[in-house]
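Structural features, examined
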Amino acid sequence: MQQKAWIDHKKECQHLKLMTPAVPIERARLLSRIIYKIRRGVLEAKEWNQFENYPERTIHHVISHRELIKNDPAMKRKVATILYETRRFMANDSPSDDDILEIYGKVIMNAFVICDELNQPMYVGCGMYIGPCIMDHSCYPNAIITFSGITLNVRAGTDIAVNDHKHTFISYVDLLAPREERRAQLQPDYYFHCECTQCSNDDIDRMMLSTKCPNAECDAPIIRIGDDFQPCTACTCSNFSAIYESSVDEITRWSAAIYKQLQEWEQNGKEPQAILVECVKCLQRQADVLHLKWNVHVLRIKDLAAMCHFRMEAWTEAARLVLDTLEAKRKYFPPDHPNLSLQLFSAGKALMLTGKAKEGLCYLEEALAMISTTHGSDHPLVAQVKLLVAETEDLIKKSESKS
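Residues numbered from 1 in each chain as written. Predicted model: local features only at pLDDT ≥ 70, side-chain atom pairs only at ≥ 80, totals over all residues. Heavy atoms only, no water.

1. With respect to the overall build of the protein
Regarding its fold elements, the protein presents 14 helices and ten strands. Computed over its C-alpha atoms, the radius of gyration of the protein comes to 24 Å, within 12% of the 22 Å expected for a compact globule of 403 residues. C-alpha atoms of the protein, sized along the principal axes, occupy 70 × 60 × 50 Å. Across the 403 residues that make up the protein, the buried fraction comes to 44%. Relative to all contacts within the protein whose residues are 6 or more apart in sequence, the contacts with residues 24 or more apart total 63%. For the protein, the separation between the mean place of its 48 positive charges and that of its 54 negative charges on side chains is 5 Å. (Helix = DSSP H or I, 4+ residues; strand = E, 2+ residues; numbered from the N terminus. Rg over C-alpha atoms; globule rule 2.2 N^0.38 Å. Buried < 20%, exposed > 50% of the residue type's maximum accessible area, 1.4 Å probe, protein only. Contact = heavy atoms within 4.5 Å. Lys, Arg positive; Asp, Glu negative; His and termini not counted. Charge placed at Lys NZ, Arg CZ, Asp CG, Glu CD.)

2. So, the environment of Glu 366
With respect to the secondary-structure elements, Glu 366 resides in helix 13 (residues 357-374). Classification of Glu 366 by relative accessible area gives partly exposed; the value is 29%. Distance in space between the C-alpha atoms of Glu 366 and Arg 320 is 18 Å, their sequence separation being 46 residues. Contact partners of Glu 366, with chain neighbours within four places excluded, come to Arg 330 and Leu 344.

3. Structural notes on the nonpolar core
Core analysis: the largest hydrophobic core is formed by 55 residues, its most contacted members being Phe 112, Ile 145, Phe 147 and Tyr 332. If you look at the next biggest cluster of nonpolar residues, it comprises 31 residues, including Cys 218, Val 298, Leu 304 and Val 322. (Core = buried A, V, L, I, M, F, W, Y, C linked by side-chain atoms within 4.5 Å.)

4. Looking at the side chain of His 375
The residue His 375 is located in the loop between helix 13 and helix 14 (380-402) in this model. A distance of 2.7 Å separates the side chain of His 375 from the side chain of Thr 374, its partner in a polar contact. Setting aside chain neighbours within four positions, we find His 375 in contact with Glu 117, Thr 146, Arg 155, Pro 338 and Leu 381. (Polar contact = N/O pair within 3.5 Å; in protein donor to acceptor, adjacent residues only side chain to side chain.)

5. Structural notes on the confidence of the model for the protein
Confidence along the protein averages 89 in pLDDT terms, with 93% of residues attaining 70 or more. Of all secondary-structure elements in the protein, the lowest mean pLDDT belongs to strand 2 (residues 121-127), at 68, while strand 7 (residues 211-212) reaches the highest, 98. (pLDDT = per-residue confidence, 0-100.)

6. What about the environment of Trp 315?
The topology assignment puts Trp 315 in helix 11 (residues 315-332). The spacing of Trp 315 and Pro 141 is 174 residues in sequence and 32 Å in space, taken between C-alpha atoms. Among all residues touching Trp 315, those that are not within four sequence positions of it are Phe 310, Ala 350, Leu 353 and Thr 354.

7. A look at the packing of helix 11 against helix 12 (residues 338-353)
Each packed pair of helices is defined by two parameters, the angle between the axes and the distance between the axes. The geometry of helix 11 relative to helix 12 is characterised by a closest axis approach of 9 Å and an angle of 150 degrees between their N-to-C directions. The angle between the axes of helix 11 and helix 12 places the two elements in the roughly antiparallel class. In the packing of helix 11 onto helix 12, the handedness of the crossing is left-handed. Counting all contacts with helix 11, which are made through Trp 315, Ala 318, Ala 319, Val 322, Leu 323, Thr 325, Leu 326, Lys 329 and Arg 330, the residues of helix 12 involved are Leu 340, Gln 343, Leu 344, Ser 346, Ala 347, Ala 350, Leu 351 and Leu 353. Class assignment for the residues of the contact of helix 11 with helix 12 results in twelve nonpolar, three polar and two charged. (Axes fitted to C-alpha atoms, helices over the stretch in contact; angles between N-to-C directions. Parallel < 35°, antiparallel > 145°, perpendicular 65-115°, else oblique. Left-handed = near helix turned anticlockwise from the far one by under 90°. Nonpolar A, V, L, I, M, F, W, Y, C, P; charged D, E, K, R; others polar.)

Right under this line is the structure:
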């Protein structure tokens, strides 16, 4: 592995030495590595044969959207920095600006963020996987991406009638987001307006943005069609004041912004205690108007809070928050989706650690069956879940023998 990497890294070392004490940006280093691999003719996907009638595929078949990028003012500003930094790093080895832009377009349109075994971004880099990037996007995907180290795995999440890449879809974005937010990410990043089955499902999107019934005695969700809040289906309440309507809009915008900020804190290594304090404040404010069970802005903050409790080993609170979001995730995610299977795993683990082994075992067994499908029976996470299942069964047996 090191010998293979050294072929390209040798040139990189030369450039790093010439730039010292300056440090190149990561994108410039990534592009230089790809450029050297292209020159050696090694960026191919001949081994990728998951589909019938699969076309021969190399880096040259990957879409770059170069012309769209050239005509996009926001992207042009980003690209200007990339071009300058790549030329500065590669010096006399640098290709033309058009060639750099072509490769950069391929990277931003097709690269995968490398995730850990729990499907969380590792924030150590991204990878160009020439075969898998042929698959198109859906907000309700029928295929699943997982990682074993830097090896990318693709598995069917459900039965796919036609073994063809044109009928196989993965997700490019976070599925736990309302339609407008998903489209707002896809359009500038990938240059298409998503019209998948999930984006066409108005009922799901309305539930994702559901609000609290003004009747304090009712816990049913209120949905909004256009600008109009619909009468409560449980208590028929339709008393939506101007203050209620403006509060919903304000807190929805604020929730999206604070979630982004807290994500950045987590990525930058902020202490879980500090993140949790802000999560609690956020949930308190959301509780005034957003529906605590179905609204995705609430669900995402609960996820961050649960993660903090896990890191702090506060198992009771972690279990409560994970279970709070489970029903909504069963509704919003496709069956056997990794996010759902990992939610079940987290629920089972937290319950087991709080002394509720029997309850936890039910979730762990469901998680094991699902993770075996989503990750494959030989994935390290499957062995980890099996071990926890065995430990939980032992705890139950010991408890029963004492009684």
